[in-house]
Amino acid sequence: MLRSRFQSLPGAFNACLVPVEKSEKPKKKGLKTTFSRKFDKITSSKENEAAKFAQMWNKIISSFREEDLINNREMDLLLVPYGVDPDVDLIQWPPFLLASKIPIALDMAKDSNGKDRELKKRLNSDDYMRCAVRECYASCKSIINFLVLGEREKMVINDIFTKVDEHIQKETLITELNMSALPSLYEQFVKLIEYLLANRKEDKDGVVIVLLDMLEVVTRDIMEDEVPSLLDSSHGGKHEGMTPLDQQHQYFGKLGFPLTTETEAWKEKIRRLHLLLTVKESAMDVPSNLEARRRISFFSNSLFMHMPAAPKVRNMLSFSILTPYYSEDVLFSINALEKPNEDGVSILFYLQKIFPDEWKNFLERVKCNSEEELRGDDELEEELRHWASYRGQTLTKTVRGMMYYRKAMELQAFLDMAKDEDLMKGYKAAELESEQQSKSERSVWVQCQAVADMKFTYVVSCQQYGIHKRSGDARAKDILKLMTRYPSLRVAYIDEVEETSKENSKSKKMVNKVYYSALVKAALPTKPVDSSDPVQNLDQVIYRIKLPGPAILGEGKPENQNHAIIFTRGEGLQTIDMNQDNYMEEAFKMRNLLQEFLKNHDGVRYPTILGLREHIFTGSVSSLAWFMSNQETSFVTIGQRVLANPLRVRFHYGHPDVFDRLFHLTRGGVSKASKVINLSEDIFAGFNSTLREGSVTLHEYIQVGKGRDVGLNQISMFEAKIANGNGEQTLSRDIYRLGHRFDFFRMLSCYFTTVGFYFSTLLTVLTMYVFLYGRLYLVLSGLEERLRSETLVENNKPLQVALASQSFVQIGFLMALPMMMEIGLERGFRSALTDFILMQLQLAPVFFTFSLGTRTHYYGRTLLHGGAEYRGTGRGFVVFHAKFADNYRFYSRSHFVKGIELMILLLVYHLFGHLYTGVVAYILIITSMWFMVGTWLFAPFLFNPSGFEWQKIVDDWADWNKWISNLGGIGVSPEKSWESWWEKEQEHLRYSGKLGIIVEILLALRFFLYQYGLVYRLSIIKNSQSFLVYVASWLVIVLILLIVKAVSVGRRRLSANFQLLFRLIKGLIFTTFVTIFLVLLTLPHMTPKDIIVCVLAFMPTGWGLLLIAQACKPVIQRAGFWGSVRTLARGYEIVMGLLLFTPVAFLAWFPFVSEFQTRMLFNQAFSRGLQISRILGGQGKDRSSKNKE
C-alpha cells in the first residue's frame, strides 16, 4: 500500500499537515471531495513543498530508529534527501523504492547488444527505475565535476558528458555506445564512492588511480569515437608514448579530495548514491519490523482521510496533557530486569525473546555486539533500562510518547517560520547551529522552542512524589531523571508538611498537618549532578498552593487529576493514562485535531470532547493478550464509530480523549470523584458533558497507543472493575437524567451501549438458571413424565430453536462478531476469517465464556449490595505461574461456586430427566451448558502458564494446604490465611441494605429445592410421599451439623490436654457412621445411586444454610454459632478445592498436556520466533554460564 501510494504521499503531506498560505486557494469541502481524496503528485519545481515533506518524513523515520524499530540500513533506505540538490533536478525518492533498480538496469544494458527495446520498455513502465538511473547519472556528473579541479581534466570530462547527453537526447545511447564495459565502470565508480565515504587523506592516490581507470574504461571501451580534448592528452590517444613520464603522473593532480568541510547534505548525497549502487536485493521487506510497518501504513492511509486544514503553530489552539500516576513502575532498574522469577525467567530475557529484532537494533545503536559489553558502563546500562522500560507499561514510555508532541511542534514551527535558505539547509542544521550559538535569542531554533512551549504543556500528577522523595524511593529519582531529560515536563504532587502553630490562650505549640498542591520542574544544575546529591535539591517549585485539608477524599485517580488540573493551560486538555504511548507521526496531526473544536459537527453544537482511536500494543505477548487486544480494538474503532455517528451516544471511555478545557473547568471538571459511585470516573465525564449540552465526537485519522492486561487474573480484575463501575452507573442519577432528557432513540442507544449491555449479560445467565431450575422442578415433581405424553409438548421445535440460539451467546460467539467485522474492514475478510479460526483453535470461546461469568457476578453483586471498589490490575509482564490458592481466592465466588451449582443441576437432570429427542437440540442446549460449566471451573488453570507441570502442582498443593489451615486475625492478610479471606469475602454484606439482605436470603432458599425433591427419589423410601420423609431428611442434616459442632468443640477443649480421648471420640464417630452406612446397604437395600442422590440433596442444603448464616452474621455471632459456621465453611472450601484440584493433577501426569497448553497460550509469540519452552523452563544454560563467570 505504501509503495503504490508513495507518489501521492508528498502531496497528501502538504495538503494535510502544511498550513495553507494566503496566496493559495482554500481546499474544497463536501461529500464529493471526501470520496475523491486525490492529491497532486509532487513536481520537482515545488522545492519548498518537497523540503517540508522530506524533513517531516525523515523525522518520523529517525524516531523509528530511536525506538529501535528499524536498523541503520533500513533507516538509510527509508530516508528522503534532506535538502534539494541543485545539481539533481528531479524528484529524489527514498532508496527503498529504488533499491536494486540500478543493478537490474546495468545487467539489462550490458546484455542489450545494441538493442534498447527491452530496456526502454522497462524504463517506461517502471517510474522508479527511470528515476534511479537519471539520479545516478546526475549525481555521478555532479561528483566528478566537484572532485576534478584541473582545467585540462575538466575539459575532457565536459566533452565526455556532452557526448553522453547528446546520445541521451537522440535516444541512441545504447545503440551507439558499447554497454558491455559498463560493469567495469560500475565497479570503479563504487570504489570512488567508498573513498568519498571514508574521506581520508591517505586515500588520495587511490582516488587518482580510480579516476584514471574510469577515464580509460570510458574512452577506450565504451566510446568508439575519439574525445577531441584527449588528442593532446597524456592519457590515451595517438601521442600516448610522446609525453614525458613526470607529466603523465600529474594527470588528476588537482582534486577536491579530501573534503575539508563535509556538510550534512554532502554526506547524505554520498550515502544515498552508495545505497542506490550497491543494494542488489529488493527492499520489499523494508521495514521488516511488524510494528513499524503497521504504523507507517496507518499514518500514510490517514493522510487520505478527511481532516481539518492545519493552522500555523502560532495560530493553533494551545493544549495540555494530564497524566495521573500513583506508584507504578517509572523506569525498570537493572536488578528488576535481571532478577529471575520462580521459573528462572528475567524480564530482560523475556523481552529479548519477544522483541528479538528490536534487541539487535538496540545493540547496533549503542555500538555493542553482545549484552556483556553493556555491563560496567553507566551510560550503556541507562540505555538498557530505557530500552526495556519502553517495552513495558511504564511512566517513562508514556512521557516519551507525549513529548513527541513538543518535538513535532518545534519542527512544524520551523517549517512555518524558516526562510527559503534555512528551509533548504534543513531543521537539523538549524538545530546544530543553535547549539553552537545557544545564547543567541534571534536563532530560528530558539524561536521554535518558545512557540512550542507556549502551545504545549505536559503535567504528570504524581500524587505520592513528595512521600517518595522524602523516603529516598527510587521512583522519585527516576521521575527527576525524566524531568531532567525533558525540561518542559512538569510534575504536580500533594505535599504533606507538619507545621507548628501556637494557641493564643495557652501558648501551646500544636503540630498540624498542612497540605499543599505543588508543581515542580527540573532545576538547572549549577554543578555536575552527583549520585550522592539528595533528590530534593534537584527540582524547583513553580507553584505551591495551600489546600484546606487532605486532597484525596473520594476515589484516588480522579482526585489525583482534580488537584493537578489547575496547573494545565490552553484550550484543550488531553487526558492520558499511565499505560499509554504516542508516536511521532501521529503527533504531527495534533493541530489538525484541535481544529475540530472550531467545527460545528451536528449543526447545533461545537464538540466538547474529541474521541481518538487507540491501538492496543500488548496483543503479541500471549493468546489472552491477543483476544483482549482484538476485543478492545473492535470497541475503540467500529464500536465507538457507531456510537458517535449516527447514534450520538458516545461518552468518555477512558483516555486519550481531548477535552474542551474551558468548557469542562466551568462545569465541574473532567473527573467526578465521589467515593464508590464514581468508580468509573471516565464515563461520568462523558455523562456530565452531554447533560450540560456538550457534544462528543470520534476522529479516526489519529491514534494513540494503549497497553492492556495480558494475564487472565489481570484481565478478570479489569473486567470486574468495569462491571462494578457499570453497576454503580445503573444506580447513579446521571443515567437517570440522561434517560429522561434523551429522545426515544438516543435513550435506547444509550441504554444498550452502557448499562444495558451488562444487564443483558446478567439476564443471559439468569435465563439459564431459570431454565435449569424449571427443568429441575419438572423432573423432580413428575410433571415431565406426564408432559412427555403430550404430542404438542414433545415436538415443540420453536421452543428448542429459541433455547438453542441462546447457546451462541453463552459460548461467546457474538463477542467475536464485531472483531471479525473490524478486522475485515481494515485488513480484508480473508484475514478476519483466518484470525477467527486461529482464535477458536486457541480456545477463545473459553475465554469469552469465562469473561461472561466475571461480568455477571460483579455487576449483579454491585446492584444487590453496592460496595464497588477500585482494583489495581498491575502492568507487569505475565509469564509467571499463578498458584492454585491465588486462583481459588479470586474465582471461588464468581465462577467456581456457580459452576458447581450448574454441574449439580445438570447431573440431577441427567439422572432423572429425559434428554431431548433431537441430536441438534441436545448438542446446542445441553452441551453448551456443560461447556459453560467446564469453562467456569477450569479456565483459570487452562490459561495459567505452567498450569499442568507436575512440580508446580506439588508446590501448589502444599501452598493450598498451608493457606486453608492458617488461622486468621487482625493483621493477617487474605493471601496468608483462609479465615481472613473468608471474612473479607463477606464485607459487601456488612454495607448492604435490608432489601439486599432479604434478597440474599431468598436466593439461598433455592438450594433447599434439591433436598425437597431428591429425598423422595431415594429407592430406600419405597416411593413414599409422606411429609415425614422430608422431616427425617432435616433430622439427618441437624445430626450432621451437631456432629460437626461436637468435633469443633472437642478440638478446641480436648486436643491440647486430652489428645487420646479426643482421638477415641473421633474414632467412635467414624465407626458409628460406617456401621450405619453398612446397615443401610444391607437391610433396606440402599443402592449406589441413593448415595449419589443423598450427596446431591444434602450438600446444597448445607451451602444454603451457610449463605443464610453469612447474611445474618450479627445474629449468628450473638447466638455463639459463628465458629461452627466457619468450620462448616472450611469443610465446604476443602471439598471444592479437592474437586477442582484432582482433574488438574491427573492431567499433569501427561507431559503432552503441558506442551499443548504452552503452545495454545503463546502461539503469537511462537509465530515471531519466541522460544517459550526456554522461557518457561528457565534459563538454566544461561544462568549456569553466568555463574561460572
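The rules we used
- Residues numbered from 1 in each chain as written.
- Predicted model: local features only at pLDDT ≥ 70, side-chain atom pairs only at ≥ 80, totals over all residues.
- Heavy atoms only, no water.
- Helix = DSSP H or I, 4+ residues; strand = E, 2+ residues; numbered from the N terminus.
- Buried < 20%, exposed > 50% of the residue type's maximum accessible area, 1.4 Å probe, protein only.
- Contact = heavy atoms within 4.5 Å.
- Areas by Shrake-Rupley, 256 points an atom, 1.4 Å probe, with all protein chains shown as cover.
- Phe/Tyr/Trp six-rings, centres within 6.5 Å; stacked < 30°, edge-to-face > 60°.
- Expected span 1.5 Å × (residues − 1).
- Bend = angle between axes of the 7 residues up to and from the residue.
- 1 Å grid on protein atoms, 1.4 Å probe; cavity = no way out; pocket = protein on both sides within 12 Å on 5 of 7 lines; lining within 4 Å.
- Points joined across faces, edges and corners; volume = space filled by probe spheres on them.
- Patch = residues over 30% accessible without salt bridge, like charges linked within 9 Å, V, L, I, M, F, W, Y side chains within 5 Å.
- Salt bridge = Lys/Arg side-chain N within 4 Å of Asp/Glu carboxyl O.
- Pairing = 2+ DSSP bridges.
- Core = buried A, V, L, I, M, F, W, Y, C linked by side-chain atoms within 4.5 Å.
- Axes fitted to C-alpha atoms, helices over the stretch in contact; angles between N-to-C directions.
- Left-handed = near helix turned anticlockwise from the far one by under 90°.
- Nonpolar A, V, L, I, M, F, W, Y, C, P; charged D, E, K, R; others polar.
- pLDDT = per-residue confidence, 0-100.
- Parallel < 35°, antiparallel > 145°, perpendicular 65-115°, else oblique.

### A closer look at the overall build of the protein
(1) Moving on: Looking only at helices and strands, one finds 58 helices and ten strands in the protein.
(2) Moving on: The buried share among the 1189 residues of the protein stands at 53%.
(3) Moving on: Here the analysis covers contacts within the protein between residues at least 6 apart in sequence; of these, 80% occur between residues at least 24 apart.
(4) Moving on: Working note: accessible area of the protein is about 56700 Å², and carbon and sulfur atoms make up 58% of it.

### Quick word on the packing of aromatic side chains
(1) Moving on: Tallying each qualifying case throughout the model produces 57 aromatic pairs.
(2) Moving on: Here Tyr137 and Phe161 contribute two aromatic rings whose centre-to-centre distance is 6.0 Å and whose plane-to-plane angle is 70°, an arrangement assigned as edge-to-face. On the criterion of sequence distance, the pair formed by Tyr137 in helix H9 (residues 127-147) and Phe161 in helix H10 (residues 151-170) is long-range, its members being 24 residues apart.
(3) Moving on: A relative accessible area of 24% places Tyr137 in the partly exposed class.
(4) Moving on: Overall, the relative accessible area of 11% leaves Phe161 in the buried class.
(5) Moving on: Taken together, a centroid distance of 6.2 Å and an interplanar angle of 10° make the contact between Tyr543 and Phe567 stacked. Of this pair, Tyr543 sits in strand E5 (residues 539-547) while Phe567 sits in the loop between helix H27 (556-564) and strand E6 (572-575), and the two are 24 residues apart along the sequence.
(6) Moving on: Given the relative accessible area of 49%, Tyr543 is considered partly exposed.

### Observations concerning helix H43 (residues 884-912)
(1) Moving on: Taking 1.5 Å of rise per residue, the 29 residues of H43 would be expected to cover 42 Å, yet its terminal C-alpha atoms sit only 35 Å apart, more than 12% below that figure.
(2) Moving on: Its maximal kink placed at Ser892, H43 deviates by approximately 85°.
(3) Moving on: Burial of H43 is extensive: 24 of the 29 residues sit out of reach of the surface.

### Regarding the environment of Asn512
(1) Moving on: When you line up the elements, Asn512 lands in strand E4 (residues 509-522).
(2) Moving on: When the C-alpha positions of Asn512 and Thr500 are compared, they lie 6.2 Å apart, and in sequence the two are twelve residues distant.
(3) Moving on: If sequence neighbours within four positions are ignored, Asn512 has contacts with Val497, Glu498, Glu499 and Ser501.

### Comments concerning empty space enclosed by the protein
(1) Moving on: Throughout the structure, instances matching the rule amount to six cavities of 30 Å³ or more.
(2) Moving on: Here the largest cavity defines a volume of roughly 90 Å³.
(3) Moving on: In terms of lining, the largest cavity is formed by Asp76, Leu79, Val80, Pro81, Pro95, Glu268, Arg271, Arg272 and Leu275.
(4) Moving on: In terms of residue count, helix H15 (residues 264-278) provides more of the lining of the largest cavity than any other element does, four residues in total.

### Things to note about the side chain of Asn361
(1) Moving on: As for its position among the elements, Asn361 is in helix H19 (residues 356-365).
(2) Moving on: Its relative accessible area of 7% is what places Asn361 among the buried residues.
(3) Moving on: Not counting residues up to four positions away in its chain, the partners in contact with Asn361 are Arg65, Asp68, Leu69, Ile70 and Asn71.

### Points about a nonpolar patch on the surface
(1) Moving on: Taken together, the side chains of Phe744, Phe745, Met747, Leu748, Tyr751, Phe752, Phe759, Leu763 and Leu766 present a nonpolar region at the surface, about 850 Å² in accessible area.
(2) Moving on: Elements with a contribution of two residues or more to the nonpolar patch: helix H35 (744-753) and helix H36 (755-781).
(3) Moving on: Tracing the sequence through the fold places Met747 in helix H35.
(4) Moving on: By relative accessible area, which is 30% here, Met747 ends up partly exposed.

### Notes on the pattern of salt bridges
(1) Moving on: Tallied over the entire structure, the rule returns 48 salt bridges.
(2) Moving on: Where Arg130 meets Asp127, a salt bridge forms, and the shortest distance between an N and an O atom there is 2.8 Å. Taken together, the positions of Arg130 and Asp127, both in helix H9 and three residues apart, correspond to about one turn of that helix.
(3) Moving on: Judged by its relative accessible area of 31%, Arg130 falls in the partly exposed class.
(4) Moving on: Relative accessible area serves as the criterion here: at 30%, Asp127 is assigned to the partly exposed category.
(5) Moving on: Salt-bridge contacts for Lys141 lead to Asp165; the nearest nitrogen and oxygen are separated by 2.9 Å. With Lys141 in helix H9 and Asp165 in helix H10, this residue pair connects regions lying 24 residues apart in the sequence.
(6) Moving on: Ionic contacts of the salt-bridge type, sharing partners, join the residues Arg65, Asp68, Glu364, Arg365 and Glu383 into one network.

### A word on the pairing of strand E2 (residues 456-462)
(1) Moving on: The buried fraction of E2 amounts to seven of the seven residues, a majority that puts the element mostly inside the structure.
(2) Moving on: Along E2, one buried face is formed by Phe456, Tyr458, Val460 and Cys462 and the opposite face, lined by Thr457, Val459 and Ser461, is buried too.
(3) Moving on: Bridge analysis of strand E1 (residues 319-325) against E2 gives seven bridges, and the strand direction is parallel. Considered in E2, the bridge of Ile321 is made with Tyr458.

### Remarks on the environment of Leu489
(1) Moving on: Tracing the backbone through its elements, the reader meets Leu489 in strand E3 (residues 489-502).
(2) Moving on: For Leu489, a relative accessible area of 1% puts it in the buried group.
(3) Moving on: Sequence-wise, Leu489 and Met402 are 87 residues apart; in three dimensions their C-alpha atoms are separated by 9.9 Å.
(4) Moving on: In this structure Leu489 touches Val399, Met403, Tyr458, Val460, Leu482, Met483, Val520 and Lys521, once residues within four positions along its chain are discounted.

### Observations regarding unusual backbone geometry
(1) Moving on: Val286 connects to Pro287 through a cis peptide bond whose omega is -5°.
(2) Moving on: With respect to the helices and strands, the residue Pro287 is situated in the loop between H15 and helix H16 (290-302).
(3) Moving on: That bond from Asn645 to Pro646 is cis: its omega, 20°, falls within 30 degrees of zero.
(4) Moving on: Inspection of the secondary structure puts Pro646 in helix H30 (residues 623-647).
(5) Moving on: If you check the backbone angles, Leu843 has positive phi at about 65° while not being a glycine.
(6) Moving on: Within the fold, Leu843 resides in the loop between helix H41 (829-841) and helix H42 (844-865).

### Some details on the nonpolar core
As a rule of thumb, nonpolar side chains are buried together in soluble globular proteins.
(1) Moving on: The biggest cluster of nonpolar side chains holds 147 residues, and the ones touching the most others in it are Phe6, Phe13, Trp57, Leu192 and Tyr465.
(2) Moving on: Looking at this core, the element that brings in the most residues is helix H21 (residues 395-417), giving twelve residues.
(3) Moving on: The contacts of Trp57, once residues within four sequence positions are left out, are Leu2, Phe6, Leu9, Phe13, Leu78, Val80 and Ile296.
(4) Moving on: Grouped together as the second largest cluster of nonpolar side chains are 103 residues, Phe896, Phe943, Phe1007 and Val1153 included.

### Observations concerning the packing of H36 against H43
(1) Moving on: With their axes 10 Å apart at the nearest point, H36 and H43 run at an angle of 35° to one another. Every pair of crossing elements has a handedness; the one defined by H36 and H43 is left-handed. Contacts between H36 and H43 involve Met768, Tyr769, Leu772, Tyr773, Arg775, Leu776, Val779 and Leu780 from the former and Lys898, Glu901, Leu902, Leu905, Leu906, Val908, Tyr909 and Phe912 from the latter.
(2) Moving on: Among the residues making up the contact of H36 with H43, the classes are represented as 13 nonpolar, no polar and three charged.

### Thoughts on the confidence of the model for the protein
(1) Moving on: Put simply, the protein has an average pLDDT of 82, and 85% of its residues get 70 or more.
(2) Moving on: Scored below 50 in pLDDT, residues 1166-1176 shows 29 contacts in the model against residues more than four places distant or in partner chains.
(3) Moving on: Here residues 1178-1189 scores under 50 on pLDDT; set against residues more than four positions off or in separate chains, the count is 14 contacts.

### Description of the side chain of Arg295
(1) Moving on: One can find Arg295 in helix H16.
(2) Moving on: Judged by its relative accessible area of 1%, Arg295 falls in the buried class.
(3) Moving on: Discounting residues that sit within four places of it in the chain, Arg295 has contacts with Ser63, Phe64, Glu67, Leu69, Tyr583, Met584 and Glu585.

### Re the packing of H9 against helix H12 (residues 182-198)
(1) Moving on: Running from N to C, H9 and H12 cross one another at 60°; their axes reach a closest spacing of 12 Å. One element, H9, and the other, H12, form an angle in the oblique class. Taken as a pair, H9 and H12 cross one another with a handedness that is left-handed. Between H9 and H12, the residues in contact are Cys140, Ile143, Ile144 and Leu147 and Phe189, Leu192, Ile193 and Leu196, respectively.
(2) Moving on: Here the residues of the contact of H9 with H12 are counted per class, giving eight nonpolar, no polar and no charged.

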